[in-house]
Amino acid sequence: MKVVRVYTGDDGESHFEDMDIPLIHEGDIGRLSEKIVSTGIIFRETGADYDYTWHNAPCRQFIVNLEGGVEIEVGDGTKRYFGPGDVILVEDTEGRGHMSRSIDNKPRKSVFVTLE
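Not measured: the values here are computed from a predicted model. (Residues numbered from 1 in each chain as written. Predicted model: local features only at pLDDT ≥ 70, side-chain atom pairs only at ≥ 80, totals over all residues. Heavy atoms only, no water.)

Peer 1: Tell me about the overall build of the protein, and please be specific about residues and values.
Peer 2: Each helix and strand counted, the protein has 0 helices and 12 strands in total. What you see in the protein, going N to C, is helices and strands ordered as β-β-β-β-β-β-β-β-β-β-β-β. Since a compact globule built from 116 residues should have a radius of gyration of about 13 Å, the 15 Å found for the protein is in line with a globular shape. Based on the C-alpha atoms only, the size of the protein along its principal axes is roughly 45 × 35 × 25 Å. Within the protein, buried positions represent 38% of all 116 residues. Pairs at least 24 residues apart make up 69% of the contacts formed inside the protein by residues separated by at least 6 positions. Accessible area for the protein stands at about 7,000 Å²; split by element, carbon and sulfur atoms hold 50% of it. A distance of 3 Å separates the average location of the 13 positive side-chain charges in the protein from that of its 22 negative side-chain charges. (Helix = DSSP H or I, 4+ residues; strand = E, 2+ residues; numbered from the N terminus. Rg over C-alpha atoms; globule rule 2.2 N^0.38 Å. Buried < 20%, exposed > 50% of the residue type's maximum accessible area, 1.4 Å probe, protein only. Contact = heavy atoms within 4.5 Å. Areas by Shrake-Rupley, 256 points an atom, 1.4 Å probe, with all protein chains shown as cover. Lys, Arg positive; Asp, Glu negative; His and termini not counted. Charge placed at Lys NZ, Arg CZ, Asp CG, Glu CD.)

Peer 1: Please set out the pairing of strand β2 (residues 14-20) residue by residue, giving values where relevant.
Peer 2: Both strand β1 (residues 2-8) and β2 contribute to a ladder of 7 bridges, which runs antiparallel. By the bridge assignment for β2, Thr8 is matched with Ser14. With antiparallel pairing between neighbouring strands as the criterion, β1 and β2 make up a hairpin whose turn holds 5 residues, including Gly12 at a positive phi of roughly 80 degrees. (Pairing = 2+ DSSP bridges.)

Peer 1: Give me the sheet that holds strand β7 (residues 61-67): which residues, what numbers.
Peer 2: In space, the 6 strands of this open sheet follow the order β2-β1-β10-β7-β12-β5, with mixed pairing throughout. Edge positions in the sheet fall to β2 and β5 (38-46), since each of these pairs with one other strand and no more. Neighbouring strand axes in the sheet, compared pairwise and without regard to direction, differ in orientation by 25 degrees on average. (Axes fitted to C-alpha atoms, helices over the stretch in contact; angles between N-to-C directions.)

Purely geometric numbers; function is a separate question.
Below, the structure written as structure tokens:
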């Protein structure tokens, strides 16, 4: 399963990395990843005018986008758009962080799965 990682590099800036979470065929129930231990789940809704300047993730977490979209910008100026169904692993808990903003003038619904 494709996931985009946002992490802090040695330069103190956030960066994107495309990664793949391996899935193993488990018969009739489909393909599953290994279990990833989580510490909590947070449901979030942001308004259509959401625009959050440079910030760090409060902890390592997966963000699962359910509805609406978000543009994330990392330290080198690269921007990526994430829509419904996209999964982001956010790990830039140090350094300058990243920016995020709504770009489709719609509220966004997402789920945060916090990690140890």
